[in-house]
Amino acid sequence: MASTAADAAHDLDVAAGTLGVVANNDHTPMNNSCKGKAARSWHDLPGEIVRLITTYYLLDVSSTGYSPQTWEAPQLWPQRFAYTTIRDAREIERVMSLFPAWKPHLEHHLFWNKACSILDPLGSLSHLSVIQPPPATAGSNNTTVVRVTMYRHFRTIIDTSCAVCRINNPYAADGLGAGSFKRAALTPHLGTVVLCKEHRKAAAFCGVCLREAPRNEMEEEYTQGVPVCCVENEDRQTWPDVEATCRQCRAQAFWARVSMRPQWREAVNGSRWASLEWETRQSIESFIDLGEGTISDVLQLAEEKHWLRSYTKLGDMLQQALAASRFASRAESGEAYNSDEDLSDDDMEDPEMLSLTEDAGGIKELAINDWARNRILDGHWISPADEWFNNSSHGRPRLAPALHPCPWNRRAIYEGALEEGQGDEAQELQHPRPKTHLAPHPPSYTLCEATYRAFSRQMREILLPPMRNIVRRLVMECAADGTDPAVKAVRMTVEDVMRELRDESAWYNGIDWLERRVNARIEEERRRAKDHGGKDKDKDEDDSSSSSHSDGSHTTSPVLSTTTLQTTPSPPPSSKDEEGVTASSPMAGAPPVPVSPVLKSPELLRPIPYVPVTAEHMPYYSLEAFTFVRISFRLPIHCMSISVRCLIPILLRRRGARRVRRCTSASARSASVRC
């Protein structure tokens, strides 16, 4: 008896809580004080221990389970109790399915009493909680009434009632017994629920929180701040089997997704809602209020706009375009315009005006081209596609120092990557700057593809003029030497082209490359002669110091005189054989490649980028963009070489025809003389 009293006291203490455990009358009480010690497995646990485990599990589920913000308002707490009751009942049924031996114990849990009282507070279906089986013998009046467990009664209520009616009207009898499995719906948090005829219609309720959509939602509900806005669901990724969603559930799911990544939290910051990009605000409001689009599309757009605002000049360009449009409209109407007048808030918040200015005016494309141009000018020749796919060249880091070909010209140096108030007059800072190479790549594939194409286009626009000068030098030097420039161009590697681009002479238009080569050779000969003359002078001094001349005077050799060193040596006379060789050269009759003329004062190109010291760090797409420019500058040489190869047989045939004509005319003259 003592143990039985102790068990009863223990059951009363546990039942004192919100979710208590009833006394286990089905099993004989254990005589030992530590219950469950004799159990050999989880199946053999006593009913009290099983119900206690379930109680603590329910406490954990109630604090961590999904709770719609729709029912967070104080006046809607009865509806919240009904929703959480159905949610917790589903969790207990999961525990019951773990072990078949636990199911009889959990059917007597006090939670089912609470669930039945919440879903049927008036007891309209209480008559279904008892069963009167037929008599054992025919004609007998002795019948026994059997009361089913509260779990069985709860299942009867759920299977025969409309869940939407019971949640939205828990204190009325609406929907009790009006449900049918023919009109069932699948919900993400409550599983399969039974519906009535009214709620089987499309968009009749929210499939997430089961909030009933008002038949006529007036403007008063919008002004009160509690609009339902239950519309058809377009986001099948977030809610696969849900037909309609309400405004609160869309907002809750959206902000929950935003909190998953720091990039999304930075792109969509509710604390600075007024300062967000206009298209981002419009897309968020359209999704939350009207259910248009998906969460993924909205976040992708927000990330793109945030990246464009942070790492490009889109905001400044858009303001300038709006100011220009405003000036043009006022000029057409004849109104006065003040240049110091700022844009009004109406202009900056008008979505139609901003959309027309950004798309039709090409402001977005200009901002992307400017970003790619600045990236190349700072010496970071890595394509955005390589950063998107995380490509690398044999595991090397995608970074290499860059040098400027003309560091002495301050106007030709790009300083856009320097921090505010930072100067680099002495060219001591390493390029590319951290502001350039530490900037993240575009967040979406569409934007990354646009930046990739802009990068390739800007690479060609910046590097093609100096590469034309390199072509011009090759053609002029090979024409003078009688060699094929196409062969020499093909043998040039990427490192050779990089080395040529780091030379300042490639960034000048109008240089006489032949004269420059002659001057370089003369300078080299002078240097060699000077070095050789210094050695001879040291030798003469050694000989003179050992000789016994009385006056000690020495004379300078006429070969090493200053006049001779400063005189340009005359070219050797050309013989007829050399002229014949030059004339028979395959490049002698070649059509000239169109190059710029020689200028008296060569012109410096602009802009001039920082050129990397090596190309070993450049991955696939970066080398592809650079090689495309390289092929573009080699194409005229190849065309010239092909034309030469086609021209040689024609010239040979012409020469043969001339010889035949000469022989024919000579034979005709001889025949006339004989006659």
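Residues numbered from 1 in each chain as written. Predicted model: local features only at pLDDT ≥ 70, side-chain atom pairs only at ≥ 80, totals over all residues. Heavy atoms only, no water.

Caption draft 1: Quick peek at the side chain of Asn469. The residue Asn469 is located in helix 19 (residues 445-481) in this model. For Asn469, a relative accessible area of 4% puts it in the buried group. Other than its neighbours up to four places away in sequence, Asn469 contacts Ala506, Trp507, Tyr508, Asn509, Trp513 and Leu605. (Helix = DSSP H or I, 4+ residues; strand = E, 2+ residues; numbered from the N terminus. Buried < 20%, exposed > 50% of the residue type's maximum accessible area, 1.4 Å probe, protein only. Contact = heavy atoms within 4.5 Å.)

Caption draft 2: Spatial organisation of unusual backbone geometry. Look at the link from His431 to Pro432: it is a cis peptide, with omega at 0°. In this fold, Pro432 is placed in the loop between strand 7 (402-403) and helix 18 (434-437). The peptide bond linking Arg606 to Pro607 adopts the cis configuration, its omega dihedral lying at 0°. Residue placement: Pro607 occurs in the loop between strand 9 (603-604) and strand 10 (611-612). One non-glycine residue, Cys229, lies in positive phi territory at about 55°. Unlike most non-glycine residues, Asn390 shows phi in positive territory, near 55°. Within the secondary structure, Asn390 sits in the loop between helix 17 (384-388) and strand 7.

Caption draft 3: Inspection of the confidence of the model for the protein at higher detail. Taken over all residues, the pLDDT of the protein has a mean of 77, while the share at 70 or more is 69%. No element of the protein has a lower mean pLDDT than helix 23 (residues 562-565), at 32, and none a higher one than helix 17, at 95. (pLDDT = per-residue confidence, 0-100.)

Caption draft 4: Region of interest: empty space enclosed by the protein. Applying the stated criterion across every chain, the model contains two cavities of 30 Å³ or more. If you trace the largest cavity, you find it lined by Leu119, Ile157, Ile158, Ser161, Cys162, Ala163 and Arg166. Elements represented by at least two residues in the lining of the largest cavity include exactly helix 6 (150-160) and helix 7 (163-168). Here the lining of the largest cavity is composed, by residue class, of five nonpolar, one polar and one charged. There is about 30 Å³ of room inside the second largest cavity. Along the walls of the second largest cavity sit Glu232, Asn233, Glu234, Asp235, Trp239, Thr245, Arg250, Phe287, Gly291 and Gly293, which together make up its complete lining. Its residues placed into classes, the lining of the second largest cavity shows two nonpolar, four polar and four charged. (1 Å grid on protein atoms, 1.4 Å probe; cavity = no way out; pocket = protein on both sides within 12 Å on 5 of 7 lines; lining within 4 Å. Points joined across faces, edges and corners; volume = space filled by probe spheres on them. Nonpolar A, V, L, I, M, F, W, Y, C, P; charged D, E, K, R; others polar.)

Caption draft 5: Representation of the nonpolar core within the structure. In terms of nonpolar packing, the biggest core is built from 64 residues, with Trp112, Phe154, Ile167, Phe254 and Val268 touching the most fellow members. Sorting elements by how many residues they give to this core places helix 3 (residues 77-96) first, with seven residues. Ignoring any residue separated from it by four or fewer positions in sequence, one finds Phe254 in contact with Val268, Ile284, Phe287, Ile288, Ile295, Val298 and Leu299. Within the second largest apolar cluster, 47 residues are counted, among which are Trp371, Tyr508, Leu604 and Ile608. (Core = buried A, V, L, I, M, F, W, Y, C linked by side-chain atoms within 4.5 Å.)

Caption draft 6: Molecular detail of the packing of aromatic side chains. Enumeration over the complete set of coordinates arrives at 14 aromatic pairs. Centre to centre, the rings of Trp112 and Tyr151 are 4.8 Å apart; their planes meet at 65°, and the pair counts as edge-to-face. Highlighted residues: Trp112 in helix 5 (residues 111-119) and Tyr151 in helix 6, separated in sequence by 39 residues. Under the relative-accessibility criterion, Tyr151 is labelled buried at 8%. Geometrically, the ring pair formed by Trp112 and Phe154 is tilted, given 5.2 Å between the ring centres and 45° between the ring planes. Highlighted residues: Trp112 in helix 5 and Phe154 in helix 6, separated in sequence by 42 residues. (Phe/Tyr/Trp six-rings, centres within 6.5 Å; stacked < 30°, edge-to-face > 60°.)

Caption draft 7: Spatial organisation of the packing of helix 9 (residues 247-258) against helix 11 (residues 278-290). Direction vectors running N to C along helix 9 and helix 11 enclose 135°, while the axes themselves pass 7 Å from each other. Put simply, helix 9 runs oblique to helix 11. Along the contact surface, helix 9 presents Arg247, Arg250, Ala251, Phe254 and Trp255, while helix 11 presents Ile284, Phe287, Ile288, Asp289 and Leu290. Per-class residue counts for the contact of helix 9 with helix 11 are seven nonpolar, no polar and three charged. (Axes fitted to C-alpha atoms, helices over the stretch in contact; angles between N-to-C directions. Parallel < 35°, antiparallel > 145°, perpendicular 65-115°, else oblique.)

Caption draft 8: The arrangement of the side chain of Arg433 in detail. Its place among the elements puts Arg433 in the loop between strand 7 and helix 18. Although Arg433 is buried, it makes no salt bridge; Asp378 carries the closest opposite charge, 6.3 Å away. Engagement of the side chain of Arg433 in a polar contact is seen with the backbone oxygen of Gln430, the distance being 2.9 Å. (Lys, Arg positive; Asp, Glu negative; His and termini not counted. Salt bridge = Lys/Arg side-chain N within 4 Å of Asp/Glu carboxyl O. Polar contact = N/O pair within 3.5 Å; in protein donor to acceptor, adjacent residues only side chain to side chain.)

Caption draft 9: Region of the structure containing helix 6. All of the buried residues along helix 6 are Tyr151, His153, Phe154, Ile157 and Ile158. Buried residues in helix 6, looked at end-on, bunch into an arc of 160°, giving them a common side. Elements in contact with the buried residues of helix 6: helix 3, helix 4 (103-106), helix 5 and strand 4 (191-195). (Arc of directions from axis to C-beta.)

Caption draft 10: Looking closely at the environment of Arg468. Tracing the backbone shows Arg468 in helix 19. Residue Arg468 is classed as exposed on the basis of its relative accessible area, which comes to 53%. Separated by 38 residues in sequence, Arg468 and Ala506 have C-alpha atoms that sit 8.6 Å apart.

Caption draft 11: Fine view of the packing of helix 13 (residues 314-333) against helix 16 (residues 363-377). For the pair helix 13 and helix 16, the least separation of the axes is 9 Å and the interaxial angle reads 140°. Here helix 13 is positioned oblique relative to helix 16, judged by the angle of their axes. Crossing handedness for the pair helix 13 and helix 16: right-handed. In this structure, helix 13 uses Leu314, Met317, Leu318 and Ala321 to contact helix 16, whose residues at the interface are Ile363, Lys364, Leu366, Ala367 and Asp370. Of the residues contributing to the contact of helix 13 with helix 16, the split by class is seven nonpolar, no polar and two charged. (Left-handed = near helix turned anticlockwise from the far one by under 90°.)

Caption draft 12: Structural view of helix 2 (residues 47-64). Between its terminal C-alpha atoms helix 2 stretches 26 Å, which fits the 26 Å expected from 18 residues at 1.5 Å a residue. For helix 2, the set of buried residues is Gly47, Glu48, Val50, Arg51, Thr54, Thr55, Leu58 and Val61. Looking straight down helix 2, one finds its buried side chains confined to an arc of 150°; they lie on one side. Opposite its buried face, helix 2 presents the exposed residues Tyr56, Ser63 and Thr64, each directed more than 90 degrees away. (Expected span 1.5 Å × (residues − 1).)

Caption draft 13: Examining the pattern of salt bridges more closely. Per the stated rule, a full pass over the model turns up 21 salt bridges. Among the ionic pairs, Asp88 bridges to Arg87, the shortest N-O distance being 3.1 Å. With relative accessibility at 8%, the residue Asp88 sits in the buried group. Since its relative accessible area comes to 6%, Arg87 is described here as buried. Salt-bridge contacts for Lys201 lead to Glu198; the nearest nitrogen and oxygen are separated by 4.0 Å. A residue is classified by how much of its surface remains accessible, and Lys201, at 52% relative accessible area, is exposed.

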